[in-house]
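Structure assessment
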Amino acid sequence: CHGQGTLQPPHITFDESPAVLPGSSILVQQYVESAMWFRPIVQGTSFARTGKGIPGLPEDGTAYLQSIGGTLMFSFTNGSLFNLDSVDLAEYSTVVPNAVTVRFVGYHPDGSTVTMDWTTDGIIDGSGPLADFQTFGFRGSFTGLSRVEIPSYGWSLDNLIVSIPEPSVGGLLFLAAVLSGLRFFKRKQTP
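Because the structure is predicted, anything quoted here is derived from the model rather than measured.

Topic: the environment of P58
- Counting through the fold element by element, P58 comes out in the loop between strand 5 (47–50) and strand 6 (64–67).
- Separated by 39 residues in sequence, P58 and P97 place their C-alpha atoms 9.6 Å apart.
- With residues up to four places along the chain from it excluded, the contact list for P58 reads Y64, Q66, A90, E91, Y92, S93, I124, D132, F133 and S156.

Comments concerning the nonpolar core
- By size, the foremost hydrophobic cluster in this structure holds 32 residues, and its most contacted members are M36, F38, F74, L84, F104 and L160.
- Elements with a contribution of two residues or more to this core: strand 4 (36–39), strand 7 (72–76), strand 8 (83–91), strand 9 (101–107), strand 10 (113–119), strand 12 (147–150) and strand 13 (155–164).
- What M36 contacts, discounting residues up to four positions off in sequence, is I12, Y31, F74, S75, F76, F82, L160 and V162.
- Counting five residues, the second-largest nonpolar core is a separate cluster that includes I54, Y64, A90 and F133.

Quick word on the sheet that holds strand 12
- Strand order across the open sheet formed by six strands is 3-4-7-12-9-10, with antiparallel pairing between neighbours. Sheet topology places strand 3 (31–33) and strand 10 at the edges, where each strand pairs with a single neighbour. Ignoring which end each strand starts from, the neighbouring axes of this sheet average 20° apart.
- Sheet analysis places strand 3 next to strand 4, joined by three bridges and oriented antiparallel. What sits directly across from V32, in strand 4, is W37.

A few points about the pattern of salt bridges
- In total, this model carries two salt bridges according to the counting rule given.
- The partner of D117 in a salt bridge is R103, and the shortest N-O contact between them spans 2.7 Å. Of this pair, D117 sits in strand 10 while R103 is found in strand 9, placing the two residues 14 residues apart along the sequence.
- Classification of D117 as partly exposed rests on a relative accessible area of 36%.
- As a salt-bridge pair, E149 and R147 come within 3.1 Å of each other at their nearest N and O atoms.
- The buried category is assigned to E149, whose relative accessible area is 12%.
- The class for R147 is partly exposed, based on a relative accessible area of 28%.

Thresholds, definitions, all that
- Residues numbered from 1 in each chain as written.
- Predicted model: local features only at pLDDT ≥ 70, side-chain atom pairs only at ≥ 80, totals over all residues.
- Heavy atoms only, no water.
- Helix = DSSP H or I, 4+ residues; strand = E, 2+ residues; numbered from the N terminus.
- Contact = heavy atoms within 4.5 Å.
- Core = buried A, V, L, I, M, F, W, Y, C linked by side-chain atoms within 4.5 Å.
- Buried < 20%, exposed > 50% of the residue type's maximum accessible area, 1.4 Å probe, protein only.
- Pairing = 2+ DSSP bridges.
- Axes fitted to C-alpha atoms, helices over the stretch in contact; angles between N-to-C directions.
- Salt bridge = Lys/Arg side-chain N within 4 Å of Asp/Glu carboxyl O.

See below:
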């Protein structure tokens, strides 16, 4: 059950089942963790779940997602709305260490969108002493989303932090009115 505030666990680490063994990478067409569903935007393509310890790839000590040439979208499996709070991003590999711009497109239920581009620092040394992943935070417009798409490729992604929007005052008042109406209706029917 999803409640208000940050999900428990507070972030999606991409370490859940099926486990990706250290030193390995697998291509997948979908992945679900904490009731959030990750899949390519274009059906039939795939993305990688990469384990720690692969020479030449970014390292943060855990498994993560990589986009080789495909794209990615994610949403809750039950269609719940969410806020996108932050994400860790890195370049694709030490072979392709160039800074990469990763575009995030958030979709609201009314069809409107918000867009944000993050550019990595281009510093990657795999298992060396440098931090390969950087944390990027999202502004307030990335709230009340039904899904997020990443139409860019050539990135590595980990530690996605999402939260559940708090109900609005209007929504709570509407719910209270409905419940009061049902109670009144039920009372009226009882002789």
